[in-house]
Amino acid sequence: MLVAAAVCPCPPLLVPEVAAGAAPELDTARAACADALGVLAAARPDLLLVVGPAERPGRGVFPQGSRGTFRGYGVGIDVHLGAGPPAGGRTGDGAAGERELPGSLAVGAWLLERAGWAGAPVEALGVGEPLEADRCVATGRELAGRAARVAMLVMGDASACRTLKAPGYLDERAAPFDAEAARALGTADLAAIKDLDTGLAFRLKASGRAPWQVLAGAAEGAGLAGALLYDDAPYGVGYLVATWS
């Protein structure tokens, strides 16, 4: 059963070495992510699942110990999912380290390392961004049954079309979409999250849509309350941080 969740954005710029001179611009977002991970630790889960968007979702989950890297951004930083040897249970296509973490999950692993996560075993799941809402919700229900006390770190961004200089250019639908996503995540409104327009989210380059809907499925019947910790759009991309507990 899901006992806690943290929703965080997944830009590589969260890693200060990647952001370089622009690093201070996301200090507030990093602090909010740290606070959100504190909520996960306080829940004392039996299993922590990191869920994030992936262009090529892996079959099954990425096991504890899986490696991610930011070397493609010109910095010599590698991360590993969780601490210690691979966790038991399903391991996807192979042993830890055989499949590299997608970018969103690498950012999640970096956040956990930064927070000094030493609690429950950690596994991760890459979710294909075009995945239909019903399948996302069904995946969440399955994940919630993985352990008696499951926590989730859900990675993903809101729209990338908030300004003229945004990656997706300016789209007037982006701000209302992000506002509704922020409201729904901040209040743990499962119905509203499930009803997010998948086509519009795709056009607005909102990578968090599918992982958020996985979370909504996992939270069914859990009675969790939400809190919105951060809502801003630096670089024209919507970044949201929320907790459910």
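Shown above is the structure to which this text applies.
1. Quick word on the overall build of the protein
Helices and strands together make up the secondary structure of the protein, namely eight helices and eight strands. What you see for the protein is a C-alpha radius of gyration of 16 Å, in line with the 18 Å of a compact globule of 245 residues. C-alpha extents for the protein along the principal axes are approximately 45 × 45 × 30 Å. Surface accessibility of the protein: about 10,100 Å² in total, with carbon and sulfur atoms responsible for 52%. Of note, the protein has its 21 positive side-chain charges centred 3 Å away from the centre of its 27 negative side-chain charges.

2. Here we look at helix H5 (residues 174-187)
The end-to-end C-alpha distance of H5 is 20 Å, a good match for the 20 Å that 14 residues give at a rise of 1.5 Å each. Those residues of H5 that sit buried are Ala174, Phe177, Asp178, Ala181, Ala182, Ala184, Leu185 and Gly186. Where H5 is buried, its residues meet strand E1 (2-8), helix H6 (190-194), helix H7 (198-203), helix H8 (209-218), strand E7 (226-232) and strand E8 (239-244). Just past H5, the residue alanine 188 takes up positive phi, approximately 55 degrees.

3. With respect to the packing of helix H4 (residues 133-144) against H8
It is the contact of H4 with H8, at a shortest axis distance of 6 Å, that shows an interaxial angle of 50 degrees. By the angle between their axes, H4 is oblique relative to H8. Judged by the twist between their axes, the crossing of H4 over H8 is right-handed. Contacts between H4 and H8 pair Ala133, Cys136, Val137, Thr139, Gly140, Arg141, Leu143 and Ala144 from the former with Arg209, Ala210, Gln213, Val214, Gly217 and Ala218 from the latter. Counted by class, the contact of H4 with H8 contains eight nonpolar, four polar and two charged residues.

4. Observations concerning the side chain of serine 159
In this fold, serine 159 is placed in the loop between strand E6 (150-155) and H5. Classification of serine 159 as buried rests on a relative accessible area of 0%. Side-chain polar atoms of serine 159 contact the side chain of aspartate 178, separated by 2.8 Å. Aside from chain neighbours lying at most four places away, what touches serine 159 is Ala174, Asp178, Leu204, Lys205, Ala206, Gly236, Val237 and Gly238.

5. Let's talk about the pairing of E7
Bridge analysis of E7 against E8 gives six bridges, and the strand direction is antiparallel. In the sheet register, tyrosine 230 faces E8, and the bridge partner there is valine 241. Connecting E7 to the antiparallel partner E8 that follows it, the hairpin turn spans six residues, and tyrosine 235 within it adopts a positive phi of roughly 65 degrees.

6. As for the packing of aromatic side chains
Taken as a whole and judged by the stated rule, the model has zero aromatic pairs. Geometry around phenylalanine 62 places arginine 99 over its ring, the cationic atom sitting 4.0 Å from the centre.

7. Structural notes on unusual backbone geometry
Of note, the phi angle at tyrosine 169 is positive, near 65 degrees, even though the residue is not glycine. Within the element layout of this structure, tyrosine 169 appears in the loop between E6 and H5.

8. Some thoughts on the sheet that holds E6
What the six strands build is an open sheet, ordered E5-E2-E6-E1-E8-E7; its pairing is mixed. In this open sheet, the two strands that pair with only one neighbour each are strand E5 (122-128) and E7. Averaged over all adjacent pairs, the angle separating strand axes in this sheet is 15 degrees, with direction ignored. Judged from the five bridges that link them, strand E2 (residues 47-54) and E6 form a sheet pairing that is parallel. In the strand pairing of E6, leucine 47 is matched with valine 150. Of the strands in this sheet, E1, E2, E5, E6 and E8 touch H8, which is tilted by about 160 degrees from E6.

9. Re the layout of surface pockets
Taking a probe equal in size to a water molecule and rolling it over the atoms shows the remaining empty space. Here the largest pocket is characterised by a volume of approximately 430 Å³. Listing elements by their share of the lining of the largest pocket, those giving two or more residues are E2 and helix H3 (103-115). A class-by-class count of the residues in the lining of the largest pocket yields twelve nonpolar, three polar and four charged.

10. Concerning the environment of alanine 222
Relative to the assigned elements, alanine 222 resides in the loop between H8 and E7. With 25 residues separating them in the primary sequence, alanine 222 and aspartate 197 have C-alpha atoms 24 Å apart. Other than its neighbours up to four places away in sequence, alanine 222 contacts Met1 and Leu2.

Reading the values: the criteria
- Residues numbered from 1 in each chain as written.
- Predicted model: local features only at pLDDT ≥ 70, side-chain atom pairs only at ≥ 80, totals over all residues.
- Heavy atoms only, no water.
- Helix = DSSP H or I, 4+ residues; strand = E, 2+ residues; numbered from the N terminus.
- Rg over C-alpha atoms; globule rule 2.2 N^0.38 Å.
- Areas by Shrake-Rupley, 256 points an atom, 1.4 Å probe, with all protein chains shown as cover.
- Lys, Arg positive; Asp, Glu negative; His and termini not counted.
- Charge placed at Lys NZ, Arg CZ, Asp CG, Glu CD.
- Expected span 1.5 Å × (residues − 1).
- Buried < 20%, exposed > 50% of the residue type's maximum accessible area, 1.4 Å probe, protein only.
- Contact = heavy atoms within 4.5 Å.
- Axes fitted to C-alpha atoms, helices over the stretch in contact; angles between N-to-C directions.
- Parallel < 35°, antiparallel > 145°, perpendicular 65-115°, else oblique.
- Left-handed = near helix turned anticlockwise from the far one by under 90°.
- Nonpolar A, V, L, I, M, F, W, Y, C, P; charged D, E, K, R; others polar.
- Polar contact = N/O pair within 3.5 Å; in protein donor to acceptor, adjacent residues only side chain to side chain.
- Pairing = 2+ DSSP bridges.
- Phe/Tyr/Trp six-rings, centres within 6.5 Å; stacked < 30°, edge-to-face > 60°.
- Lys NZ or Arg CZ within 6 Å of the ring centre and 35° of its normal.
- 1 Å grid on protein atoms, 1.4 Å probe; cavity = no way out; pocket = protein on both sides within 12 Å on 5 of 7 lines; lining within 4 Å.
- Points joined across faces, edges and corners; volume = space filled by probe spheres on them.

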